[in-house]
Amino acid sequence: MNKGNTPSVETRRPDRAALIIAAVLAVIAGVIFWDVSRLTGLAGYSQVGPTTVPYVIACCLIGLAIWTAAEGIRGDFAEREPQQFGPVIWIVAGLAAQMLLLNILGFSIATGILFALTAGGFGKRRLWLTIPIGIAFSFFVWVIFAKLLQLSLPAGPFERLFF
Amino acid sequence: MATFEFLLQGLLVAAQPMNLLYALIGVTLGTAVGVLPGIGPALTVALLLPVTYQLDPGGSLIMFAGIYYGGMYGGSTTSILLNTPGESASIVTALEGNKMARAGRGGPALATAAIGSFVAGLIATLALAFIAPFIVKLALVFGPREYFALMVLAFVTVSSAFGDSTLRGLTSLFVGLTLACIGIDQLTGQARLSFGVPDLLDGIEVTTLAVAMFAIGETLYIAAQGDKGPETVEAVRGSVWMSAMDWARSWKPWLRGTFIGFPIGAMPAGGAEIGTFLSYAAEKRLTKHPEEFGNGAIEGVAGPEAANNASAAGTLVPLLTLGLPTTATAAIMLAGFQQYGLQPGPLLFATNPQLVWGLIASLLIANFMLLVLNLPLIGLWVKLLTIPKPWLYAGILLFATLGTIGANPSVFELGMLLAFGLLGYVMRVFGYPIAPVVVGLILGPLAEQQLRRALSISQGDVTVLFTSPIAAVLLVIAALAFIVPLILRARGRGEVLAQLAASED
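- In the nomenclature of an unreviewed UniProt entry, chain B corresponds to Tripartite tricarboxylate transporter TctA from the organism Sinorhizobium saheli.

- Chain A goes by C4-dicarboxylate ABC transporter in an unreviewed UniProt entry, where it is assigned to Sinorhizobium saheli.

Structure below.
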């Protein structure tokens with residue numbers, strides 16, 4: 001059913017992934033330090049202000065980064081299964097398309113494309129068939145939620161044909 | 001006793017036609033979603049949160065509670081017939097239940113799961129009603145430092161006490177706490193970590209994060225596993241009714257499961273999974289048919305399913321009485337309360353008794369509805385299992401984005417949904433648990449508020465946090481819950497803890 005565009009990529013160096021995660025955690029901690037240092041420490045008479053807790057969190061993140069790096073170097077970081085990236089790209093493309101098209105083409109068309117590309121990620125690649133199915137289904141959902149339940153879902157040219 | 005009076009009043013609230021309708025919608029949706037493999041109650045509640053902006057608070061909370069209970073029932077169907085647990089609390093059920101289904105005894109397996117869930121749900125909900133007033137009284141003496149200690153305990157148990165790695169649990173928790181800092185500080189009104197982006201000033205929406213992590217992260221993860229061959233759905237052959245023998249072998253495990261599951265759910269100790277494992281172990285030890293374990297012993301379905309539902313009710317004890325969510329689903333339900341400006345806790349019992357007792361009473365009613373939905377209508381739910389994966393996950397993403405769009409149809413919000421979805425995927429790949437992120441995001445600001453209050457009262461003296469006896473005891477328990485698993489893992493006993501992992505519900 002699912003062929004996948006790219007061959008399964010096996011990460012053979014668990015160390016490197018752990019080190020990257022450690023670096024990301026350290027960078028997040030750095031960003032917190034940088035951002036919070038600009039705040040005036042309106043600590044009042046308790047020495048505890050809006051900056052205290054972020055500083056504590058940032059220190060803990062640095063500790064976790066060191067711990068992750070240590071596990072990475074020793075090589076006992078998480079085992080993981082090989083991942084196929086083809087389907088992931090399909091689905092991410094679908095979400096990105098919906099995000100960009102939503103306010104231009106309306107809910108039904110944008111979400112219909114998301115629907116078709118997600119189905120594509122799971123192996124249904126006949127887009128000329130799945131996109132119309134997706135748009136029809138999304139339109140049905142739009143009618144229920146936007147018209148019956150009064151949820152504000154953006155309408156586009158397709159919805160305006162009917163309402 | 002006053003509890004009966006309150007419960008009766010609650011029943012009057014719950015029996016209003018609109019509330020009955022909400023409960024029915026809740027249990028139906030909950031069962032349907034619980035049956036679908038891959039989505040649990042946490043996600044369902046998160047999806048439906050934005051849809052209920054228009055409803056009244058009582059009705060939609062009744063609906064959420066129905067979804068929670070329904071999801072617990074529905075999960076057993078998936079694990080018995082498909083061997084793919086729909087939610088993590090049903091993993092144990094799959095062990096014996098799926099074997100029974102393959103041996104043509106799927107009917108009795110489903111029946112004992114449903115009736116066991118009913119018995120457990122009934123007893124546990126009544127226990128909730130009777131225990132809650134006592135905890136509320138206890139909680140009235142709690143000050144900021146006690147609440148802070150309690151939240152630290154919840155952080156530790158949710159993130160690092162169970163699961164296969166303290167490091168990864170804590171990392172998830174701190175990712176959640178970092179996200180919780182984003183937005184305007186509650187006490188001083190200063191913007192933190194928002195980098196001048198107006199969309200970030202209100203903070204990260206719990207629903208956006210939960211939907212992204214659970215729905216999108218899970219979908220990406222499943223898609224990236226590739227095709228592992230078709231899964232076989234076991235047809236329900238024969239009668240769904242249990243024989244006299246089945247009844248005789250089931251009733252004790254139901255009761256034992258209830259009494260194991262409820263306290264575990266009620267303690268700030270994380271998910272329903274732990275109770276199911278303990279119940280399974282207990283049944284295996286006590287059974288008169290040890291040879292059947294591993295080949296479809298009915299006790300191995302009855303006990304864990306009862307424990308599972310009892311701890312679902314147990315989770316509501318800290319949520320309603322202390323405002324303390326101990327599972328991802330409870331965290332999202334807390335977000336549901338906050339959406340209406342309600343803060344669960346001892347005060348809510350005083351200021352809004354109708355709502356609280358109506359909610360508790362509606363759980364009793366939901367339990368009866370679920371029994372009807374799950375026994376005679378079981379064939380309908382089984383059909384849901386035959387939806388092909390592409391359509392199933394395409395539909396899940398449609399509804400996942402629908403909730404976010406309904407709440408805030410902006411490109412920025414959808415961008416966050418995508419970014420957190422990718423984060424959820426990467427975290428799954430590396431074995432990071434998801435629940436601590438959600439719990440950290442929602443509990444982080446509350447914990448910070450209590451900490452800063454406590455320290456303001458003491459004028460910055462940190463030792464005040466340890467000088468109250470209750471707070472000190474809670475912090476010692478939290479420290480033990482952190483250190484003991486570390487030692488166990490270092491000695492190579494980590495597999496037991498890994499099995500008890502509280503992953504998402």
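What to know about the overall build of chain A
And then number 1: Helix and strand counts for chain A come out as six helices and zero strands.
And then number 2: N-terminal to C-terminal, the α/β element order of chain A is α-α-α-α-α-α.
And then number 3: Taking all 163 residues of chain A together, 40% fall into the buried category.
And then number 4: Once local pairs closer than 6 in sequence are excluded, the contacts in chain A between residues at least 24 apart make up 63%.

Here we look at the overall build of chain B
And then number 1: Across its full length, chain B holds 22 helices and two strands.
And then number 2: Sorting the 505 residues of chain B into buried and exposed places 62% on the buried side.
And then number 3: For chain B, the share of sequence-separated contacts (at least 6 apart) that also reach a separation of at least 24 residues comes to 81%.

Some details on helix α12 (residues 299–322) of chain B
For the α-helix, the turn length of 3.6 residues means that residues three or four positions removed from each other point alike.
Residues and elements named next belong to chain B.
And then number 1: For α12, which comprises 24 residues, the first-to-last C-alpha distance of 35 Å matches the rise-based estimate of 34 Å (1.5 Å per residue) to within 8%.
And then number 2: Judged by how many residues are buried, α12 sits mostly within the fold: 24 of 24 residues are covered.
And then number 3: Once α12 finishes, Gly323 follows within two positions and takes phi at roughly 70°, a positive value.

Quick notes on the domain arrangement of chain A
And then number 1: Domain boundaries assigned for chain A yield domain 1 (14–74) and domain 2 (85–160).
And then number 2: Relative placement of domain 1 of chain A and domain 2 of chain A: their C-alpha centres are 39 Å apart.

Looking at the interface of chain A and chain B
And then number 1: Contacts between the two partners involve 61 residues from chain A, matched on the other side by 49 residues from chain B.
And then number 2: Elements with a contribution of two residues or more to the side of chain A that touches chain B: α1 (14–37), α2 (52–74), α3 (85–105), α4 (107–121) and α5 (127–148) of chain A.
And then number 3: No other element matches α3 of chain A, which puts eleven residues into the side of chain A that touches chain B.

A look at the environment of Ala96 of chain A
All names here are of chain A.
And then number 1: If you trace the backbone, Ala96 turns up in helix α3.
And then number 2: Overall, the presence of 15 C-beta atoms within 10 Å leaves Ala96 in the partly exposed class.
And then number 3: Between the alpha carbons of Ala96 and Gly106 there is a distance of 14 Å; along the sequence they are ten residues apart.

As for the packing of helix α4 (residues 57–82) of chain B against helix α15 (residues 353–374) of chain B
Residues and elements named next belong to chain B.
And then number 1: Two elements in contact, α4 and α15, have axes whose closest approach is 9 Å; the angle formed by their N-to-C orientations is 40°. In terms of their interaxial angle, α4 and α15 are classed as oblique. Crossing of α4 against α15: the hand is right-handed. Side by side, α4 and α15 meet where Pro57, Gly58, Leu61, Ile62, Ala65, Gly66, Tyr69, Gly70 and Tyr73 of the first sit next to Leu355, Gly358, Leu359, Ser362, Leu363, Ala366, Asn367, Leu370 and Asn374 of the second.
And then number 2: For the contact of α4 with α15, the per-class residue count stands at eleven nonpolar, seven polar and no charged.

What to know about the UniProt feature "transmembrane region" (unreviewed entry) in chain A
And then number 1: Mapped onto this structure's residue numbering, the UniProt feature "transmembrane region" (unreviewed entry) falls at residues 17–36, 48–68, 88–115 and 127–145 of chain A.
And then number 2: Helix makes up 100% of residues 17–36 of chain A and strand 0%, and the two end C-alpha atoms of the span are 29 Å apart.

Some details on α2 of chain A
And then number 1: The end-to-end C-alpha distance of α2 of chain A, which contains 23 residues, comes to 33 Å, matching closely the 33 Å that a straight helix rising 1.5 Å per residue would cover.
And then number 2: Remark: Gly75 of chain A follows α2 of chain A within two positions and exhibits a positive phi of approximately 80°.

Details of the nonpolar core
And then number 1: Residues Met151, Ile332 and Val438 of chain B are the most contacted members of the largest nonpolar core, which totals 216 residues.
And then number 2: Ranked by the residues each element gives to this core, the list is headed by helix α6 (residues 106–139) of chain B, at 15 residues.
And then number 3: A domain-level breakdown of this core finds at least three residues from each of domain 1 (14–74) and domain 2 (85–160) of chain A.

Some points on the confidence of the model for chain A
And then number 1: Scored by pLDDT, chain A comes out at a mean of 81, with 85% of its residues at no less than 70.
And then number 2: Taken together, the stretch residues 1–13 of chain A has pLDDT below 50 and engages in 24 contacts with residues farther than four places along the chain or on a different chain.

Topic: the environment of Thr51 of chain A
And then number 1: Checked against the element boundaries, Thr51 of chain A lands in the loop between α1 and α2.
And then number 2: Taking C-alpha positions, Thr51 of chain A is 7.6 Å from Ser37 of chain A, a pair spaced 14 residues apart along the chain.

Some remarks on the confidence of the model for chain B
And then number 1: This prediction gives chain B a mean pLDDT of 81; 90% of its residues lie at or above 70.
And then number 2: Predicted confidence is poor over residues 501–505 of chain B, with pLDDT under 50, and the contacts of this stretch with residues over four places away or in other chains come to 34 contacts.

Comments concerning the environment of Val92 of chain A
Residues and elements named next belong to chain A.
And then number 1: Along the chain, Val92 turns up in helix α3.
And then number 2: On the basis of neighbour count, Val92 is assigned to the partly exposed category, with 19 C-beta atoms found within 10 Å.
And then number 3: For the pair Val92 and Pro132, spaced 40 residues apart in sequence, the C-alpha to C-alpha distance is 20 Å.

Overview of the packing of helix α3 (residues 41–48) of chain B against helix α9 (residues 206–224) of chain B
How two helices pack is summed up by the angle between their axes together with the distance between the axes.
All names here are of chain B.
And then number 1: It is the contact of α3 with α9, at a shortest axis distance of 9 Å, that shows an interaxial angle of 135°. On the basis of their axis angle, the class for α3 and α9 is oblique. By crossing handedness, the relation of α3 to α9 is classed as left-handed. Along its contact with α3, which presents Ala42, Leu43, Ala46 and Leu47, the element α9 presents Thr207, Ala210, Val211, Phe214 and Ala215.
And then number 2: Each residue belonging to the contact of α3 with α9 can be placed in one class, and the counts come to eight nonpolar, one polar and no charged.

The rules behind the values
Per-chain numbering applies: the sequence of each chain, read as written, is numbered from 1 onward. Here every chain gets a letter starting at A, and every ligand a number starting at 1, in the order they are written. With pLDDT at 70 or above as the cut-off, local features in this predicted model cover only qualifying residues; side-chain atom pairs require 80 or more to be listed or tallied, and sums for whole chains, interfaces and linings still use all residues. By the criteria applied, helices consist of DSSP H or I runs no shorter than four residues and strands consist of E runs no shorter than two, each listed in order from the N terminus. In this scheme every C-beta is placed from the backbone, and a residue whose C-beta has 20 or more other C-beta atoms within 10 Å is buried, one with 12 or fewer is exposed, and one in between is partly exposed. Remark: residues whose backbone-derived C-beta atoms lie within 7 Å of one another are considered to be in contact. By definition here, a helix of n residues has an expected span of 1.5 Å times n minus one. All domain edges in this entry derive from an automatic or database-based domain assignment. Lines fitted to C-alpha atoms define the axes, with helix axes restricted to the stretch in contact, and inter-axis angles between N-to-C directions lie between 0 and 180 degrees. Angular relationships are summarised with four words: roughly parallel below 35 degrees, roughly antiparallel beyond 145, roughly perpendicular across 65 to 115, and oblique for the angles in between. Each crossing gets its hand from how the near helix is turned against the far one by less than a right angle, where anticlockwise is left-handed and clockwise is right-handed. Any residue outside Ala, Val, Leu, Ile, Met, Phe, Trp, Tyr, Cys, Pro, Asp, Glu, Lys and Arg is labelled polar, Gly included; the first ten of those are nonpolar and the last four are charged. UniProt positions are given in the numbering used here, feature names are shortened, and annotations may be inferred rather than shown by experiment. In this description, a nonpolar core means buried residues of the types Ala, Val, Leu, Ile, Met, Phe, Trp, Tyr and Cys, linked to one another by C-beta atoms lying within 7 Å. pLDDT runs from 0 to 100 and stands for how confident the predictor is about each residue.

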